[in-house]
Amino acid sequence: VKDSLPIGVFDSGLGGLTVLEELRRALPREDFVYLGDVARLPYGTKSGNVVRRYAQRCVDFLLGQPVKAVIIACNTATAVALESVREQTQVPVYGVIHAGAFAGQEATSNGRILVLATESTVRSEAYLRAFHSLSDKNLVEQIACPLLVPLAEAGWFDHPITKEVIRTYLAQAKHKDYDTVVLGCTHYPLLLPSFRAVMGEEVRLVHSGAALARELEQELTRRSLVQSGGAPGKLRFFTTDPVSSHVPIVSTLFGSSVEFELVDL
Ligand code: DGL
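Residues numbered from 1 in each chain as written. Predicted model: local features only at pLDDT ≥ 70, side-chain atom pairs only at ≥ 80, totals over all residues. Heavy atoms only, no water.

## Some points on the nonpolar core
Thinking step 1. Counting residues in each nonpolar core, the largest one holds 95 residues, and the members touching the most others are F10, L17, L116, L148, V181 and F195.
Thinking step 2. In contact with F10, not counting residues within four places along its chain, are L35, A55, C58, V59, L62, V70, I71, I72, A73, C74 and A77. (Core = buried A, V, L, I, M, F, W, Y, C linked by side-chain atoms within 4.5 Å. Buried < 20%, exposed > 50% of the residue type's maximum accessible area, 1.4 Å probe, protein only. Contact = heavy atoms within 4.5 Å.)

Structure follows, in structure tokens:
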């Protein structure tokens, strides 16, 4: 694999831009190709078989660019499709869940961890398995938070209704003594002001995308796939349905000058 090729990143929509932002910060000289499968969003309420099929199409598109590695920025697609995609792909494929669990494990002091994610991610128990593979001493509880994705899409990052929804979900936790919360969905880091307002400063919040960016930097360096020297990396954005750069997620993370190219998958 040539180290000068871009890194491919895909998500069910635009939430994965939170992951891309972290990747860019960790690997500023890399070129990235981002694909947001907005036409099929949400993945988080769909069955494993359907999400695996969608994910494979996204990966095939990225491989056609071509790319030197594929990042599954979507927690749901990582949860249900990482293994099947890896089996069919020649370049390295990375998901966000293992990195998120690793960062959660590093962050916790009392071993009590709460994972917030989509319904499909929760159902897959991928985070539970990832935490278990790291330690058998943790108590990990999961809560599905389907209403948070549309609130992030609407740009209600710091909004009384978002705070109330978060409060209502957290009230479902059986164990209230968690010291670490994993934001196991691409959209949730955007809601950070609301999470902080509800939970205070004490609870540690883990962003799986940021954890992956750190892991990836080390991994690509080890595989000698990192670009050394040269200009800042370039970005290309593709979506499966037209997107305006004025939607809140895009303008907040990348400004309004981003251009999306349309693809039909
Ligand atoms: N990208 C998805 C995830 O991280 C959230 C949006 C969706 O349900 O498709 O799980």
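## Observations concerning the sheet that holds strand β9 (residues 235-239)
Thinking step 1. Here we have 6 strands laid out as an open sheet, ordered β4-β3-β1-β2-β9-β10, and parallel in their pairing. Every interior strand has two partners, whereas the edge strands, β4 (93-95) and β10 (260-262), have only one. Each neighbouring strand pair of the sheet contributes to a mean axis angle of 25 degrees, computed without reference to strand direction.
Thinking step 2. Sheet strands in contact with helix α2 (residues 48-63) are β1 (7-11), β2 (32-36), β3 (69-72) and β9, and its direction is about 155 degrees off that of β1. (Pairing = 2+ DSSP bridges. Helix = DSSP H or I, 4+ residues; strand = E, 2+ residues; numbered from the N terminus. Axes fitted to C-alpha atoms, helices over the stretch in contact; angles between N-to-C directions.)

## Digging into the sheet that holds strand β7 (residues 180-184)
Backbone hydrogen bonds are what pair the strands of a sheet, in a parallel or an antiparallel way.
Thinking step 1. Strands sit in the order β6-β5-β7-β8 across an open sheet of 4 strands; the sheet is parallel. Since the sheet does not close on itself, it has two edges, and those belong to β6 (139-144) and β8 (204-207), each with one partner. Neighbour-to-neighbour, the strand axes of the sheet open up by a mean angle of 25 degrees, direction not taken into account.
Thinking step 2. Where β7 lies against β8, 4 bridges are found, and the strand directions are parallel. Within β8, the residue paired with V181 across the bridge is L205.

## Quick notes on the packing of helix α4 (residues 97-107) against helix α10 (residues 208-222)
Thinking step 1. In the contact formed by α4 and α10, the axes pass within 8 Å of each other and the chain directions differ by 100 degrees. The pairing of α4 with α10 is recorded here as roughly perpendicular in orientation. From α4, H98, A99, G100 and A103 reach across to α10, where they touch S208, A211, L212, R214 and E215.
Thinking step 2. Residue composition of the contact of α4 with α10, by class: 4 nonpolar, 3 polar and 2 charged. (Parallel < 35°, antiparallel > 145°, perpendicular 65-115°, else oblique. Nonpolar A, V, L, I, M, F, W, Y, C, P; charged D, E, K, R; others polar.)

## Thoughts on unusual backbone geometry
Thinking step 1. Across the junction of L41 and P42, the peptide omega takes the value 0 degrees, indicating a cis bond.
Thinking step 2. Its place among the elements puts P42 in the loop between β2 and α2.
Thinking step 3. The omega torsion of the bond from Q65 to P66 falls at -5 degrees, within 30 degrees of zero and hence cis.
Thinking step 4. Positionally, P66 belongs in the loop between α2 and β3.
Thinking step 5. The backbone of E125 shows a phi angle near 60 degrees, a positive value even though the residue is not glycine.
Thinking step 6. Structurally, the position occupied by E125 is in the loop between α5 (119-124) and α6 (126-134).
Thinking step 7. Taking relative accessible area as the criterion, E125 reaches 42% and is therefore assigned partly exposed.
Thinking step 8. For S224, which is not a glycine, the phi torsion comes out positive at approximately 55 degrees.

## Notes on α2
Thinking step 1. Helix length check: α2, at 16 residues, gives a terminal C-alpha distance of 22 Å against a target of 22 Å (1.5 Å per residue), a fit within 8%.
Thinking step 2. G48, V51, Y54, A55, Q56, C58, V59, F61 and L62 are the residues of α2 that are buried.
Thinking step 3. Buried residues along α2 sit in contact with β1, β2, β3, α3 (75-87) and β9. (Expected span 1.5 Å × (residues − 1).)

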